[in-house]
Amino acid sequence: MTKEGVQGATEEEEQQAQSKKGLKKQQKEAEKAAKKAEKQAKLAAEQQSTEEDDFAKDRYGVAAMVQSQQKLDRALVRVQDLTPEKADQLIWLRARVHTSRAKGKQCFLVLRQQQFNVQALVAVGDRASKQMVKFAANITKESIVDVEAMVRKVEQKIESCSQQDVELHIERIFVISQSEARLPLQLEDAVRPDGEGEEEGRATVNQDTKLDNRVIDLRTTTSQAIFRLQSGVCQLFRDTLTNKGFVEIQTPKIISAASEGGANVFTVSYFKTSAYLAQSPQLYKQMCICADFDKVFCVGPVFRAEDSNTHRHLTEFVGLDIEMAFNYHYHEVIDSITDTMVQIFKGLRDNFQTEIQTVNKQFPSEPFKFLEPTLRLEYTEALAMLREAGVEMGDEDDLSTPNEKLLGRLVKEKYDTDFYVLDKYPLAVRPFYTMPDPNNPKYSNSYDMFMRGEEILSGAQRVHDAQLLTERAIHHQIDLEKIKAYIDSFRYGAPPHGGGGIGLERVCMLYLGLHNVRQTSMFPRDPKRLTP
Amino acid sequence: MPMYQVKPICGAHAETDLPTCMYKLPNIHAQKGNSCTPEHALQNGEVDPAVKALEARQDEIMRKLHELKAAVEGLAKTVTTPDADLDLTVSSSLSESASSTTFKGVTDLDNVLGKDLGALRDIVINANPAQPPLSLLVLHSLLCQRYRVLSTVHVHSSVSGVPPQLLSCLGPRHADSYARHMFQLGFTLIWKDVPKLQMKFSVQNMCPIEGEANVARFLFKLLAPYPSDPALATMVDSWVDTAFFQLAEGSTKERSTVLRALNSALGRNPWLAGQEFSLADIACYCCVLQSGSASAAPANVQRWIKSCENLGHFSPAKLLLQ
């Protein structure tokens, strides 16, 4: 019993001790909860009170959707125009939020407009409240905002922005269009140079992700620069040729018969029959020459049903085509085309330097070099150069792609030019409508043009005599019935003529030294991609 | 040297039994023995009268050639010295014949440029438009007299604008320039932003040649071989270096020293390297012209400048400086 009693006593004691501990714990917990509640209440109260006396309430917020309710006469300033001359002016601006970073009572935003950006600052003060800073910090990236701000000069250059000498002190900020918080790709990742990300363990975006989300990818500085430059190529092409007296023509893209050979064309249903998508405007260009337009060019889509998944093939691309009548020698045509190309290169060199630099930041390459007038080599010279370098090939063999590249390197080494013309190809490797050389039946009046060792243009003096054309077609074993319309167009007197065509995407790619034609095609089409 | 005749050691017609398993061949010694006999007749210093006659004829021809040479040299001197009273048309028509006598040695393009691969052999020269290579333009016009030269001028994209006279410095376009394979030699001048003049020929087998002096030496070899006398060759080389380093790039002091040296050398000889017009004269003349010290030059140099101008080779350089 005593034993039991002792035991019981000890148990009791233990229980007592336990309960004491438990009590303490409970007490503490209760205290904690009370404190928490107090804190929350305090916070809520604070919030309420501050919400109530947020003096900057009408200086920020999400603006009502613009449905053209009113027409404001507010002048918006472009980001690129934000220079020290604008210092201490109050301006309005519409831009995207590129990045935002909150830091205590301040929030730094980078506002972007195309390839230009500027640093902006919201700081608690007599213009902005704590809540306004918080709101600014929570605006999702890529949202479009309207901002009223004071332009201020900065003492230290802002290296990360294109406008390095000024920053904006925001006084009002309204969200015009909100972006979703999760972006399929980050713009910084998309412009990171190859290889750099791997070293620092940062992400890079692969080509397919970029192309799948092209709308966002096109917002990057690199894409902006590429397509501005592409527009420049088109503009310069048109301007130069118009100045030379060329006429711009439009040719049909739905055609009844395959213009060259017959392979590599897309078939489309055409009411009860089928038709083809034009793989070259050549036939129509030539018909315009026969119709006395003298010199013509056209800019338009070209379709090739080639199932080749290489860095330089697309199934649809923009063709810049030239065709002109000449007086006595087809070199008049070569001179016109090469001069046009040189004018384009010069225009790009002189007017698009910032774009070229921007692209170079992500894809470094040597500047494009060229000669004026353009270097013209003959096929036999190219063969001699290749043979000297140890390549074995026959006199009448066509250049293979590796040999083309090697030749490009050899020519670059000797003449230091990325653009040249190779003249007098062997007749055997050219299409049937190519004019044979008058002195040597093995060669022809045809030429290829190369940029950075890759072929961009293939052209020739065309046979403009129906008789000779028929002979050549028979020699090439082409069904005369299929090309009857083509031959017939030369029966009523045709001036001697020649021409060629270049692919806009390929020229841009090679000029910038990029490695994939999809980068210079806005919405590329290849055997594996039909969207977006 | 005739040899003593020795009697055959063994009988010429010794009968031997040959086995039947071997091919039969004619006796190779028998024939030789027969043909030797007439030569053996002339012994002990006797000379064939036919050889004697041949020697006499050769001497006669050599004597006539020497006479002709002396006559031509006399003629050339009257043509190339300023004392000769010639009007312009005569001097220009004669200068070509003078130049063909000046560079006597026959050079073969294959020797200097390597094997012909059946295509145009193109010499590419990169020059800075700020320093036009006058001497090379002179050599170019001399090359044009010797070979069918395809001359082209390009402007490299590293240079934004080039004065028109630099674009036409290689003369008017050749009428056949559309057919590159019809020419023996290509001369491609590229105006480019280069610190030093550069020449490229074969990318595979030859490194680029740098400096106007060295390129001038290379081009001159296409016109005439260097003098075979090593002392003379060294003298030509040294004048070329003096011209490009001290006349063209040197200070006023250096320049006047060179002009004095030129003066004394030209006091002894009509041309810098002795009796014949050479690369030394081309280089020095162009550098004197380029440095603008022609008017202040001493008497012998003045006389030499006039002789150079009488040759008519330097018109491309003078055109460019105008």
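Reading guide: rules and limits
Residues numbered from 1 in each chain as written. Chains lettered and ligands numbered in written order. Predicted model: local features only at pLDDT ≥ 70, side-chain atom pairs only at ≥ 80, totals over all residues. UniProt positions renumbered as here; feature names shortened; annotations may be inferred. Contact = placed C-beta atoms within 7 Å. Helix = DSSP H or I, 4+ residues; strand = E, 2+ residues; numbered from the N terminus. Pairing = 2+ DSSP bridges. Expected span 1.5 Å × (residues − 1). Buried ≥ 20, exposed ≤ 12 C-beta atoms within 10 Å, placed from the backbone. Core = buried A, V, L, I, M, F, W, Y, C linked by C-beta atoms within 7 Å.

- Chain B goes by Aminoacyl tRNA synthase complex-interacting multifunctional protein 2 in an unreviewed UniProt entry, where it is assigned to Collichthys lucidus.

- As recorded in an unreviewed UniProt entry, chain A goes by Aspartate--tRNA ligase, cytoplasmic and comes from Collichthys lucidus.
- Within the UniProt record for chain A, the comment given under Sequence similarities (unreviewed entry) is "Belongs to the class-II aminoacyl-tRNA synthetase family. Type 2 subfamily."

Regarding the interface of chain A and chain B
Item 1. Between chain A and chain B, the contact holds 22 residues from the first and 17 residues from the second.
Item 2. Of all the secondary-structure elements, those providing two or more residues to the side of chain A that touches chain B are α9 (331–351), β13 (371–372), β14 (375–378), α11 (379–388) and α12 (401–415) of chain A.
Item 3. Among the elements that take part in the side of chain A that touches chain B, α11 of chain A stands out by supplying 5 residues, more than any other.
Item 4. As judged from the 2 bridges shared by β13 of chain A and strand β2 (residues 149–156) of chain B, these two strands associate in the antiparallel manner. Paired with Glu372 of chain A across the bridge in β2 of chain B is Val155 of chain B.

Some remarks on the environment of Asn445 of chain A
Residue and element names in this part refer to chain A.
Item 1. As for its position among the elements, Asn445 is in the loop between β15 (419–423) and β16 (446–451).
Item 2. Expressed as a C-alpha distance, the spacing of Asn445 and Pro426, which sit 19 residues apart in the sequence, is 8.9 Å.
Item 3. Dropping the residues within four chain positions of it, Asn445 is found in contact with Tyr330, Met435, Asp437, Ala460 and Gln461.

Observations regarding helix α10 (residues 279–291) of chain B
All names here are of chain B.
Item 1. Between its terminal C-alpha atoms α10 stretches 18 Å, which fits the 18 Å expected from 13 residues at 1.5 Å a residue.
Item 2. Buried residues dominate α10, accounting for 12 of its 13 residues.
Item 3. Along α10, the residues that are buried comprise Leu279, Ala280, Asp281, Ile282, Ala283, Cys284, Tyr285, Cys286, Cys287, Val288, Leu289 and Gln290.
Item 4. Looking at the buried positions of α10, the neighbouring elements they touch are α5 (134–146), α7 (212–223), α8 (230–247), α9 (252–268), α11 (299–311) and α12 (315–321).
Item 5. Remark: Gly292 follows α10 within two positions and exhibits a positive phi of approximately 75°.

Thoughts on the nonpolar core
All names here are of chain B.
Item 1. Grouped together as the largest cluster of nonpolar side chains are 142 residues, with contacts concentrated most on Ala216, Val240, Ala283 and Cys284.
Item 2. Ranked by the residues each element gives to this core, the list is headed by α10, at 10 residues.
Item 3. If sequence neighbours within four positions are ignored, Ala216 has contacts with Ser135, Leu136, Leu139, Val240, Leu279 and Ala283.

Details of the sheet that holds strand β12 (residues 316–325) of chain A
All names here are of chain A.
Item 1. Ordered by their spatial adjacency, 8 strands build an open sheet running β7-β11-β12-β18-β17-β16-β15-β14, and the pairing between neighbours is mixed. Of all strands in the sheet, those bounded by a partner on one side alone are β7 (247–248) and β14.
Item 2. Pairing analysis gives 2 bridges linking β7 to strand β11 (residues 295–303), with the strands arranged parallel. Paired with Val247 across the strands is Val296, a residue of β11.

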